[in-house]
Amino acid sequence: MKLNTYLQLSPEVEAALAQGKPIVALESTIISHGMPYPQNVETALNCQRICRENGAVPATCAIIGGKLCAGLTDEQIDYLGREGRNVTKASRRDLPMLCAKGMNGATTVAATMIIAAMAGIKVFATGGIGGVHRGAETTMDISADLEELAQTPVCVVCAGAKSILDLGLTMEYLETKGVPVIGFGTDELPAFYTRKSGFSVPWRCDTPEELAAAVNAQRALDEKGGMLVVNPIPEQYSMDADVINKAIDDAIEEANRLGIKGKDTTPFLLAKIKDLTGGESLASNIQLVYNNVRLASKVAAAL
Ligand code: PSU
Ligand code: MN
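Quick summary incoming for the structure in this document. These numbers were taken from a predicted model, which means no experiment stands behind them.

**Some remarks on the overall build of the chain**
At step 1: The helix and strand inventory of the chain stands at 13 helices and 11 strands.
At step 2: In summary, the chain has a C-alpha radius of gyration of 18 Å against a globular reference of 19 Å for 303 residues, a match within 12%.
At step 3: C-alpha extents for the chain along the principal axes are approximately 50 × 40 × 35 Å.
At step 4: Expressed as a percentage of its 303 residues, the buried residues of the chain come to 54%.
At step 5: At a minimum sequence separation of 6, the contacts of the chain that also span at least 24 residues come to 75%.
At step 6: About 13000 Å² of surface is accessible on the chain, with carbon and sulfur atoms providing 51% of the total.

Rendered as structure tokens:
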């Protein structure tokens, strides 16, 4: 572990690191900006329980009082959930000022990867990653998550990316940046709410052990560089493609009409899609996160 005055490990995470126990990092923007209260807090606490049931110690990450925290108390998770969008959504560019000012922040995939790598945590589970937004050829809206995957040694388990993004351009970007993208039990990029996107992934693994071997090989080959595991939503929770794609198109149209931009785009779209699907998308979202936490825990245990 790289010593850093801003890093703060919970006693449980610190002990797990010292004992070499499997650990899974979890993000917190999904709590504050990705889901409504109280489902966000329930989901975050269930993720921690599912981690433990699968033999891993959960390390939910956030910035609290200017410290980069790995491992939160239930009270801290409840705070992030209740405050919701009032908490700063924190990506890489926000960390210096949040630390310097002693502020709080909910960490995106990028910022959570930074904290995990600092602590020495190799596996991280979430729902969806940020990517190249539709229309990025004019807005240049490309998530810092992609740059982080290129430069920070953490294996991120997600359910693919939502088609609020341009999935084709997102895959191209990951290829350019040299990020291994591995389908779990699939040759196709899952589209978050659905198991298929029409885009193929370069690599496939069918067991957690195979994924662990890939992580170990990557660490032997390179100091830096993350990995993206795309794990399809379980069949029984996947949504009808026409229904979800219509909701996504309508949400994007409204975002454009209201002039929503930058870091507000993803949270706006997520909330709008939930409203438009009458909550069905939230139920799917929660289940796919649990599915990713289960897989990440098994990978961490197999390392
Ligand atoms: N996509 C989702 N759910 C989420 C996010 C993305 O389906 O909660 C969050 C994650 O924290 C991700 C962040 O890292 O949004 C990306 O935001 P941006 O596109 O502004 O980088
Ligand atoms: Mn953006």
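Picking up where we left off.
**Re the side chain of serine 284**
At step 1: Note on placement: serine 284 falls in helix α13 (residues 280-302).
At step 2: Setting aside residues no more than four positions away along its own chain, serine 284 makes contact with Tyr193, Ile233, Tyr237 and Met239.

**Concerning the packing of aromatic side chains**
At step 1: Applying the stated criterion across every chain yields a total of one aromatic pair.
At step 2: Relative to tyrosine 193, the ring of phenylalanine 192 has its centre 4.8 Å away and its plane inclined at 80°; by these criteria the two rings are edge-to-face.
At step 3: Residue class for phenylalanine 192 comes out buried when judged on its relative accessible area of 1%.
At step 4: Residue classification places tyrosine 193 among the buried residues on the basis of a relative accessible area of 3%.
At step 5: A cation sits over an aromatic face here: lysine 162 above phenylalanine 192, 3.4 Å from the ring centre.

**Structural notes on the environment of proline 153**
At step 1: Relative to the elements of secondary structure, proline 153 occurs in the loop between α8 (144-151) and β8 (155-158).
At step 2: Separated by 82 residues in the primary sequence, proline 153 and glycine 71 have C-alpha atoms spaced 19 Å apart.

**A closer look at the site of ligand 1**
At step 1: Residues in contact with ligand 1 amount to 16 residues; listed here are only the nearest, Glu27, Lys89, Ser143, Asp145 and Lys162.
At step 2: At 3.2 Å from an oxygen atom of ligand 1 is found a side-chain nitrogen or oxygen belonging to threonine 266.
At step 3: Across the complex, the protein chains shield 93% of the 470 Å² of accessible surface that ligand 1 would expose by itself.
At step 4: For the shell around ligand 1, the secondary-structure elements that each account for two or more residues are α2 (29-32) and α12 (265-276).

What counts, and where the lines are drawn
Residues numbered from 1 in each chain as written. Chains lettered and ligands numbered in written order. Predicted model: local features only at pLDDT ≥ 70, side-chain atom pairs only at ≥ 80, totals over all residues. Heavy atoms only, no water. Helix = DSSP H or I, 4+ residues; strand = E, 2+ residues; numbered from the N terminus. Rg over C-alpha atoms; globule rule 2.2 N^0.38 Å. Buried < 20%, exposed > 50% of the residue type's maximum accessible area, 1.4 Å probe, protein only. Contact = heavy atoms within 4.5 Å. Areas by Shrake-Rupley, 256 points an atom, 1.4 Å probe, with all protein chains shown as cover. Phe/Tyr/Trp six-rings, centres within 6.5 Å; stacked < 30°, edge-to-face > 60°. Lys NZ or Arg CZ within 6 Å of the ring centre and 35° of its normal. Near = heavy atom within 4 Å. Polar contact = N/O pair within 3.5 Å; in protein donor to acceptor, adjacent residues only side chain to side chain.

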